[in-house]
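So the chains spell out like this:
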Amino acid sequence: MSVSPPPAIASAGRPHPPWQRDATVIGLVGLAHAASHFSHLLLAPLFPIFMREFGLTFSQVGLLTSLFFLLSGVGQALSGFLVDRVGARPVLFAAIALFMGSALSTALADGYPDLLLAAVLAGLGNAPFHPVDFSILNQRVSPQRLGYAFSAHGLTGNLGWALAPVFLVGITALSHWRVAYWAAVAVYAVVWGLLWWQREHLTTEVVGRAAGATRADDLAFLRLPVVWACFGFFMLSTMTLAVVQTYASPILQAMHGVPLETAALTVTAYMLAGAVGMLAGGFVAVRVPAVDRVVAATLAAGAALLLLAATGWLGGWGSMALLAITGFAVGIGGPSRDLLIKRATPKGATGRVYGLVYSGLDTGFALAPLVFGVLMDHGWYAATLAAGAVTLALAVVAALAVGGRTRLV
């Protein structure tokens with residue numbers, strides 16, 4: 001496979017296109033990415049209300065999340081082919097429309113089947129976002145600014161996660177949960193309208209099959225070990241994120257007696273610190289060519305912080321601070337991570353590779369409850385944090401494996 005040179009090398013001696021053009025593309029893609037992450041939490045914040053309103057069990061509402069990530073993961077791996085064939089823009093507009101349909105189904109819900117439909121529509125809508133986003137960014141943004149683009153992409157995703165609970169719960173508290181979902185429909189409609197207004201900035205090259213090539217050749221990228229190393233990297237690192245998102249609050253309550261309301265702030269602190277880290281990581285990515293080593297160093301630091309938190313030596317507040325700093329450390333490596341995946345992508349296969357690789361995110365979220373839930377059920381709270389550190393350390397190994405196959409010699 002051919003290996004792309006670092007952006008700084010690729011752009012040497014070439015005039016820099018206007019910053020305003022790149023900034024517009026980055027802003028539009030960031031807006032779309034925030035909308036996709038908003039959809040991750042479109043239902044979960046109001047699970048208690050749905051359980052009371054429709055007489056549902058924990059298993060039933062849990063199935064909504066599992067269904068979302070199952071469809072998103074499988075669909076993400078497949079949607080990359082569609083993005084390469086028809087372009088990113090039409091797929092993007094269809095995805096936002098599916099989000100509107102999901103919010104509408106929830107606003108009009110009369111029972112569990114309507115919520116299942118909402119989860120299906122949201123999962124299908126979320127599926128193509130990484131192939132779409134990275135196809136647009138890699139083709140439309142100047143190579144020397146891709147580090148900043150990937151930084152903004154990760155930052156807006158985190159902000160979408162942070163906004164959803166505040167938006168839905170806040171409007172529900174002020175009015176009614178159905179009003180919250182009608183408001184979500186309106187938000188998605190505004191996003192769709194803004195993207196349509198600026199649609200000329202979202203076009204991508206359609207990749208046709210080369211003369212003499214067959215459908216089997218479309219799958220040739222699956223034979224590249226580096227692609228599967230990238231998949232493993234995302235799966236492992238996401239499992240650690242799932243530990244913090246899902247179990248940080250009960251762990252802090254059990255180990256240190258931290259009140260529920262205070263413990264819940266840990267996840268918000270982790271995500272906001274991660275967003276700040278991604279912002280800083282954009283400057284690191286454009287200045288340090290050895291992006292695999294940046295990723296390895298930041299994840300190794302995160303693993304060490306998690307292990308320290310697992311010891312409980314610093315008490316409740318200290319452990320909360322350690323988890324937030326972990327988010328910052330991992331966030332710094334985010335833009336370098338995306339540049340690393342770009343280098344591992346064969347020409348003409350951007351959508352397919354990003355679709356498969358980023359389906360590792362959904363796989364990690366799906367596997368984490370099965371792996372770490374057993375530890376939590378046994379009351380092994382410190383071991384759960386330690387296991388999260390181990391998966392992050394394994395992600396370091398995967399990142400270095402990718403770097404070893406893509407680094408220029």
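Here's what I pulled together on the structure shown here.

Describing the overall build of the chain
Within the chain one finds 17 helices and zero strands. Residue burial in the chain is summarised as follows: out of 409 residues, 55% are buried. For the chain, restricting intrachain contacts to residue pairs at least 6 apart in sequence, the fraction spanning at least 24 positions comes to 84%. Taken as a whole, the chain presents about 16800 Å² of accessible surface, with 71% of it coming from carbon and sulfur.

Some thoughts on the environment of Ala-180
For Ala-180, the position within the fold is in helix α9 (residues 177–197). With a relative accessible area of 0%, Ala-180 lands in the buried category. Counting along the chain gives 73 residues from Ala-180 to Ala-107, while the straight-line C-alpha distance between them is 7.9 Å. Contact partners of Ala-180, with chain neighbours within four places excluded, come to Phe-167, Leu-168, Ile-171 and Thr-172.

Section: the packing of aromatic side chains
Applying the stated criterion to the full structure yields 16 aromatic pairs. When the ring centre of Trp-196 is taken as origin, the NZ or CZ atom of Arg-199, which lies over that ring, is 4.3 Å away.

Some words on the pattern of salt bridges
A complete count under the given rule lists two salt bridges for this structure. For Arg-21, the salt bridge is made with Asp-22, and the minimal N-O distance between the two is 3.7 Å. Judged by relative accessible area, Arg-21 falls into the partly exposed class, the value being 38%. Asp-22 is the partner of Arg-145 in a salt bridge, and the nearest nitrogen-oxygen pair spans 2.8 Å. In this pair, Arg-145 is assigned in the loop between α7 (129–140) and α8 (146–174) and Asp-22 in helix α2 (residues 19–40), connecting sequence segments 123 residues apart. Like Arg-145, the residue Asp-22 is buried in the burial classification. Within this structure, Arg-21, Asp-22 and Arg-145 form a network of salt bridges that share partners.

Description of the side chain of Ser-151
Take Ser-151: it is sitting in helix α8. For Ser-151, a relative accessible area of 4% puts it in the buried group. Non-local contacts of Ser-151, meaning those with residues more than four positions away in its chain, are made with Met-278, Leu-279, Gly-282 and Pro-335.

Some points on the packing of α8 against helix α15 (residues 334–343)
Where α8 contacts α15, the axes come no closer than 8 Å and their chain directions differ by 120°. Between α8 and α15, the angle falls in the class oblique. Viewed along their axes, α8 and α15 form a crossing whose handedness is right-handed. On α15, the residues touching Leu-146, Gly-147, Phe-150 and Ser-151 of α8 are Pro-335, Asp-338, Leu-339 and Lys-342. The residue makeup of the contact of α8 with α15, split by class, is four nonpolar, two polar and two charged.

Structural notes on helix α5 (residues 88–107)
Under the 1.5 Å per step criterion, the end-to-end length of α5 is 29 Å for 20 residues, consistent within 8% with the ideal 28 Å. Within the span of α5, buried status applies to Ala-88, Val-91, Leu-92, Phe-93, Ala-95, Ile-96, Phe-99, Ser-102, Ala-103, Ser-105, Thr-106 and Ala-107. Structurally, α5 contributes buried residues whose contacts are with α2, α3 (47–54), α4 (58–86), α6 (112–126), α7 and α9.

The rules behind each value
- Residues numbered from 1 in each chain as written.
- Predicted model: local features only at pLDDT ≥ 70, side-chain atom pairs only at ≥ 80, totals over all residues.
- Heavy atoms only, no water.
- Helix = DSSP H or I, 4+ residues; strand = E, 2+ residues; numbered from the N terminus.
- Buried < 20%, exposed > 50% of the residue type's maximum accessible area, 1.4 Å probe, protein only.
- Contact = heavy atoms within 4.5 Å.
- Areas by Shrake-Rupley, 256 points an atom, 1.4 Å probe, with all protein chains shown as cover.
- Phe/Tyr/Trp six-rings, centres within 6.5 Å; stacked < 30°, edge-to-face > 60°.
- Lys NZ or Arg CZ within 6 Å of the ring centre and 35° of its normal.
- Salt bridge = Lys/Arg side-chain N within 4 Å of Asp/Glu carboxyl O.
- Axes fitted to C-alpha atoms, helices over the stretch in contact; angles between N-to-C directions.
- Parallel < 35°, antiparallel > 145°, perpendicular 65-115°, else oblique.
- Left-handed = near helix turned anticlockwise from the far one by under 90°.
- Nonpolar A, V, L, I, M, F, W, Y, C, P; charged D, E, K, R; others polar.
- Expected span 1.5 Å × (residues − 1).

No statement about biological role is implied by the geometric values presented.
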